[in-house]
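Overview (structure and organization)
Here's the letter readout for the chains.
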There are 2 protein chains.
Amino acid sequence: MTIEQRMRASLPSLTRAERQAATHILSHFPMSALGSITMLASAAEVSAPTVVRLVQKLGFKGYADYQAALRAEVGRLLAAPSALPGQAPRLHPMQAFAAQAIANIQMTLDQIAAPEFDAAAALLADPGRHVAIMGGRLTHAHAGYMATLLRVIRPGVTCVSDHPTGWQQALLDLRTGDVVVIFDIRRYEANAIHMAELAARQGARIVLVTDHGLSPAAGYAHHILPCRITMPAAWDSTVTILMLVEALLGRVQGHCADQVQDRLNRLEDVFAKTRIFRTPTPER
Amino acid sequence: MTIEQRMRASLPSLTRAERQAATHILSHFPMSALGSITMLASAAEVSAPTVVRLVQKLGFKGYADYQAALRAEVGRLLAAPSALPGQAPRLHPMQAFAAQAIANIQMTLDQIAAPEFDAAAALLADPGRHVAIMGGRLTHAHAGYMATLLRVIRPGVTCVSDHPTGWQQALLDLRTGDVVVIFDIRRYEANAIHMAELAARQGARIVLVTDHGLSPAAGYAHHILPCRITMPAAWDSTVTILMLVEALLGRVQGHCADQVQDRLNRLEDVFAKTRIFRTPTPER
DNA sequence: AATGAAATGAAAAATTCTTGACAGAACGCA
DNA sequence: TGCGTTCTGTCAAGAATTTTTCATTTCATT
């Protein structure tokens, strides 16, 4: 068990100040512990003795002992960053899953043409076009996520409800040149196909995020972004879809970086006023 | 220019003992600088003053100054492994994004303890416990996705609304032994912390999915699953969070595979009847 | 070989760091 | 409210570390 995990595990059994110190250490791992206890303590806004008591609770003799152990661990980590050769004979299911997810991401990259990706990003970055985003049963969450973040970048973003009438109503507001992003993966849904067809008739540009099998809506789409989603499990994995969404958003942001900063600042302001987020001062 | 490069560059202009020290440092980079100058000097078989003179030639004020700079550099290196110098020959932004996402997934794996993961999955698989899932502004979509899929596996799953009163109402139904899954990543939200605290008081088991910075809610959580989310961009990436969610779901399904099949069949039936999905016949 | 400049390490001095003791503060409980 | 427990920061002593000083060695040059 690594020191980091040990500290994480004992987090609940610590006192307030100790937990404050531990949280700081963990969130700046392992940087924080490589310096002197004085620096660490002041950075975490606790006293040095508190840090000593913390590491003693973790089973170390003192700060020096703790630091020596940590140094050894960091050294090991840097020497072999995650890819230890010749082992991993019995993979944990979590690791097997991650390996497949990584493979999917890489295959997705090979599959998607860069011009297609860029074109889709350019469409989304055009402030003159409204953007409507629609997902299916499994991809509704992705649509919502994309809408939330895209709204930070630019105005005029709608997340089409998955209520039976939601997408039909969205068609009402659709004008020529608007962008409709449709997520539709295996177990392709009739909604998506109809939406694509009708939106295309109204002159909208259709961006379709689908799986390798290609949604039937592909026939109406102007830009198709296929993702690898197959897993050696009962379900598919939508990790690649989320990655694609975030990559798109990053590209869109690149297109309109100047506006974004202003919008971000205003957003911060709103959040500060509504006190949704905790204040800079740590909990108490 | 990194410290390592600087040292390598100035190698020829050093004296014998200094070069001996520098060679030792470079061949054990960056471990060497984590310890005291005394240890380093004896390991390199030179005197401590020689090391001081070496780092002063490199432009540092003294050993302490040098060590602080090196720590900062190592910290940067560990935070963004894909930012390793000397590679990346003009990748497409999409590829750069994917590379970082993959790195994040791998680092997340190293960070999460398998027992922690398994324990969380076991909790979620226990049909005797209700499960409430709650996300923040950015992670609400993930919470919804998890709830959607978890409901396929087992009954008794609630997705807590992010309306101001939603999570408070969810507390009403909470019984001892129930499971509360909380997503809370950077820009930690007060909601999550309060929910964790109150739910813990009511005897619920708290599973916290957070970032490496550790949500303040960690103090109340019984199982902490930290994900790497940092990206070399304006935003963080929640890809690893989704991967973790899906990996968890896969594990949960493994625990109750028999029940799932039955539920899946009934689900298919329901969908067929409501005609949400298109029929097996291709489109048109 | 002799000389002087540069380099090196030993030891002392100065600084910084760690940790134990103590007292005030916070908290739970009756 | 009052009491006892636990927690936490301040302080100071002791330990360790860094840095300066200085004597010795090495090496090139005359």
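What this report covers is the structure whose coordinates are included nearby.

A few words on the protein's contact with DNA strand C. Around DNA strand C, 18 residues are found, and the nearest of them are I37 and Y63 of chain A together with T15, A17 and T50 of chain B. Expressed as a percentage, the sugar and phosphate content of the atoms of DNA strand C within 4 Å of the protein is 69%. T38 of chain A places a main-chain nitrogen or oxygen 3.4 Å from a phosphate oxygen of DNA strand C. The separation between a phosphate oxygen of DNA strand C and a polar main-chain atom of R16 of chain B is 3.2 Å. Elements that contribute at least two residues to the surface near DNA strand C include exactly α3 (37-44), α4 (48-57) and α5 (63-79) of chain A together with α2 (16-27) and α4 (48-57) of chain B. Looking at the surface near DNA strand C element by element, the count peaks at 4 residues for α4 of chain A. When the residues that make up the surface near DNA strand C are grouped by side-chain class, the tally is 9 nonpolar, 7 polar and 2 charged.

On to unusual backbone geometry, then. Residue and element names in this part refer to chain A. At L214, a residue that is not glycine, the phi angle is positive and equals roughly 70 degrees. Inspection of the secondary structure puts L214 in the loop between β4 (205-211) and β5 (223-227). Taking the relative accessible area as the measure of exposure, L214 reaches 38% and is therefore partly exposed.

Here we take up the interface of chain B and chain A. Contacts between the two partners involve 72 residues from chain B and, on the opposite side, 72 residues from chain A. Carbon and sulfur atoms supply 72% of the area that chain B and chain A bury against each other, a total of about 6800 Å² over both sides. A per-residue breakdown of the area chain B buries against chain A is headed by M94, R137 and W235 of chain B, which together make up 11% of the total. Across the chain B-chain A interface, the total number found is 0 salt bridges. Connecting chain B to chain A are 11 residue pairs in polar contact (both at pLDDT 80 or more). Contributions of two or more residues to the side of chain B that touches chain A are made by α5 (63-79), α6 (93-111), α7 (114-125), α8 (140-153), α10 (190-201), β5 (223-227), α11 (239-255) and α12 (257-274) of chain B. When residues in the side of chain B that touches chain A are grouped by element, the largest group, 12 residues, is from α6 of chain B. Classifying every residue of the side of chain B that touches chain A gives 45 nonpolar, 14 polar and 13 charged.

Glancing now at the nonpolar core. Side chains of a nonpolar character, in soluble globular proteins, are inclined to be buried together. In terms of nonpolar packing, the biggest core is built from 99 residues, with I133 of chain A together with I133 of chain B touching the most fellow members. In contact with I133 of chain A, other than residues within four places in its own chain, are A143, M146, A147, L150, V157, T158, C159, V160, V181 and F183 of chain A. In terms of nonpolar packing, the next biggest core, distinct from the first, is built from 48 residues, A17 and V46 of chain A together with A199 and A221 of chain B among them.

Below, the discussion takes up the protein's contact with DNA strand D. Of all residues adjacent to DNA strand D, which total 16 residues, the nearest are T15, A17, S47 and T50 of chain A together with I37 of chain B. Expressed as a percentage, the sugar and phosphate content of the atoms of DNA strand D within 4 Å of the protein is 66%. Residue T15 of chain A places a side-chain N or O atom 2.2 Å away from a phosphate oxygen belonging to DNA strand D. In the environment of DNA strand D, a phosphate oxygen lies 3.0 Å from a nitrogen or oxygen atom belonging to the side chain of S47 of chain A. Every element with two or more residues in the surface near DNA strand D is listed here: α2 (16-27) and α4 of chain A together with α3 (37-44), α4 and α5 of chain B. Taken together, the residues of the surface near DNA strand D sort by class into 8 nonpolar, 6 polar and 2 charged.

Rules of the game
Residues numbered from 1 in each chain as written. Chains lettered and ligands numbered in written order. Predicted model: local features only at pLDDT ≥ 70, side-chain atom pairs only at ≥ 80, totals over all residues. Heavy atoms only, no water. Near = heavy atom within 4 Å. Polar contact = N/O pair within 3.5 Å; in protein donor to acceptor, adjacent residues only side chain to side chain. Helix = DSSP H or I, 4+ residues; strand = E, 2+ residues; numbered from the N terminus. Nonpolar A, V, L, I, M, F, W, Y, C, P; charged D, E, K, R; others polar. Buried < 20%, exposed > 50% of the residue type's maximum accessible area, 1.4 Å probe, protein only. Contact = heavy atoms within 4.5 Å. Buried area = accessible area lost by both parts, 1.4 Å probe. Salt bridge = Lys/Arg side-chain N within 4 Å of Asp/Glu carboxyl O. Core = buried A, V, L, I, M, F, W, Y, C linked by side-chain atoms within 4.5 Å.

Coordinates in, geometry out; function isn't part of it.
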